[in-house]
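# Summary of the model geometry
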Amino acid sequence: MTTKTLYDEKELLIHASNGSEEAFSLIFHTYKNKLYGYLFRITESSDVAEDIIQEIFLKLWKDKADLVNIISFDSYLFRMAKNYAINSFKSRARQALLYVEYLETQTEEDYSTDHKIQFEETTFLLQQIVETLPPQQKLVYQLSREQYLKHDEIAEMLNISPLTVKNHIIQALNTIKKSLKYQAVILMVLAFWYELKK
């Protein structure tokens, strides 16, 4: 690849569309920081921004033969980023509501150890909410939901009654459900707002 192609985006796109990993890598490194800044402003999440960038470039590489047909790559890329962000808002909102439904089917002591896998997109939101719980309520919730201890075990460990443990769990779950519903609404509003800005 000549020096000229290092600076000529159209040439890079042609080489990348023909399978050049070097050209595609140059495109990635040219845009990744700009995309990260843009996506972080939209999503306010470093993890979400990085995940979207990875998804975008995996998609571009998968469909690399089409790169040569893109007229304005900059515009195309940022339009992709916005669409992926909108889809992320919608997906996280759906996950939050599904998790609320899941919680409502559980008793205070019922809790599946595979819930984190089923609701991976909700984990970050859930962690934020748990951090806002009163200290003892937070501790009881974490011992129950993250360490999978029984009420009697928690009661003995913290020198409180099993009824107090149960009440802490109920209050924590009510707070989590209300907060997740609120977050789901916010995420859907953001998705709708960015769709209007297309």
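Residues numbered from 1 in each chain as written. Predicted model: local features only at pLDDT ≥ 70, side-chain atom pairs only at ≥ 80, totals over all residues. Heavy atoms only, no water.

### Considerations on the overall build of the chain
Which entries qualify depends on this criterion: Strands here mean DSSP runs of E at least two residues long; helices mean DSSP runs of H or I at least four residues long; both are numbered from the N terminus. Residue burial is assigned from relative accessible area. The probe radius is 1.4 Å, only protein chains are included, and a residue is buried under 20% of its type maximum, exposed over 50%, and partly exposed in between. For this analysis, residues touch if any pair of their heavy atoms sits within 4.5 Å. Accessible surface area values rest on a Shrake-Rupley calculation with a 1.4 Å probe, where residue burial reflects the displayed protein chains alone.
The helix and strand tally for the chain stands at 10 helices and 0 strands. The secondary structure elements of the chain, listed N-terminal to C-terminal, are α-α-α-α-α-α-α-α-α-α. The proportion of buried residues among the 198 residues of the chain is 38%. Sequence-distant contacts in the chain: of pairs separated by 6 or more residues, those separated by 24 or more amount to 64%. For the chain, the accessible surface area stands at approximately 11700 Å², while carbon and sulfur atoms represent 53% of it.

### Comments concerning the packing of helix 2 (residues 9-17) against helix 3 (residues 21-43)
We apply this condition: The convention used is that axes are lines fitted to C-alpha atoms, helices contributing only their stretch in contact, and that angles between N-to-C directions extend from 0 to 180 degrees. Reported orientations rely on four angle classes, namely roughly parallel under 35 degrees, roughly antiparallel over 145, roughly perpendicular from 65 to 115, and oblique for the rest. Note on residue categories: nonpolar means Ala, Val, Leu, Ile, Met, Phe, Trp, Tyr, Cys or Pro, charged means Asp, Glu, Lys or Arg, and polar means any other residue, Gly included.
Look at helix 2 against helix 3: their axes get within 8 Å of each other, and the N-to-C directions meet at 130 degrees. By the angle class used here, helix 2 and helix 3 are oblique. Packed against helix 2, whose contacting residues are E9, L12, L13, H15 and A16, the element helix 3 presents A23, F24, L26, I27 and Y31 at the interface. A breakdown of the residues in the contact of helix 2 with helix 3 according to their chemical character gives 8 nonpolar, 1 polar and 1 charged.

### A closer look at the packing of helix 9 (residues 151-158) against helix 10 (residues 162-196)
At their nearest, the axes of helix 9 and helix 10 sit 8 Å apart, and the two run at 110 degrees to each other. By the angle class used here, helix 9 and helix 10 are roughly perpendicular. Along its contact with helix 9, which presents H151, D152, I154 and A155, the element helix 10 presents P162, V165, K166 and I169.

### Details of the environment of N69
Mapped onto the elements of the fold, N69 is located in the loop between helix 4 (46-62) and helix 5 (73-105). A relative accessible area of 56% means that N69 is categorised as exposed. Sequence separation between N69 and I14 is 55 residues; the distance between their C-alpha atoms is 8.8 Å.

### A few points about a negative patch on the surface
To be explicit about the condition: Like charges are joined within 9 Å and nonpolar side chains (Val, Leu, Ile, Met, Phe, Trp, Tyr) within 5 Å, but only among residues with over 30% relative accessible area and no salt bridge; these make up the patches. Only one rule defines a salt bridge in this text: a Lys or Arg side-chain nitrogen within 4 Å of an Asp or Glu carboxyl oxygen. In this tally, Asp and Glu contribute negative charge and Lys and Arg positive charge; neither His nor the terminal groups of the chain are included. Positions of charges follow a simple convention, taking NZ of Lys, CZ of Arg, CG of Asp or CD of Glu.
Together, D47, E50, D51, E55 and E120 give the surface a local cluster of negative charge. Mapped onto the elements, D51 comes out in helix 4.

### Remarks on the side chain of H168
Within the secondary structure, H168 is located in helix 10. Apart from residues lying up to four places away in sequence, H168 is in contact with Q136, Q137, V140 and I160.

### Focus on the environment of I14
Locating I14 in the fold gives a position in helix 2. On the basis of relative accessible area, I14 is assigned to the partly exposed category, the value being 28%.

### So, the nonpolar core
What counts, and what does not: In this description, a nonpolar core means a group of buried Ala, Val, Leu, Ile, Met, Phe, Trp, Tyr and Cys residues linked to one another through side-chain atoms lying within 4.5 Å.
In terms of nonpolar packing, the biggest core is built from 57 residues, with I56, F57, L60, F73 and Y141 touching the most fellow members. Counting only elements with at least two residues in this core, the list comes to helix 2, helix 3, helix 4, helix 5, helix 7 (123-131), helix 8 (135-145), helix 9 and helix 10. Excluding its chain neighbours within four sequence positions, the residues that come into contact with I56 are L77, M80, A81 and Y84.

### Description of unusual backbone geometry
Despite not being glycine, E44 shows a phi value in the positive range, around 55 degrees. Relative to the helices and strands, E44 resides in the loop between helix 3 and helix 4. Positive phi values are uncommon outside glycine, yet Y148 reaches one of about 60 degrees. Looking at the element boundaries, Y148 is found in the loop between helix 8 and helix 9.

### A short note on the pattern of salt bridges
Considering all chains together, one arrives at 4 salt bridges under this definition. Measuring nitrogen to oxygen at the nearest pair gives 3.8 Å for the salt bridge that ties E104 to K181. In this pair, E104 sits in helix 5 while K181 sits in helix 10, placing the two residues 77 residues apart along the sequence. On the basis of relative accessible area, K181 is assigned to the partly exposed category, the value being 42%. Of the charged contacts in the structure, one is a salt bridge between E131 and K138, with a shortest N-O distance of 2.8 Å.

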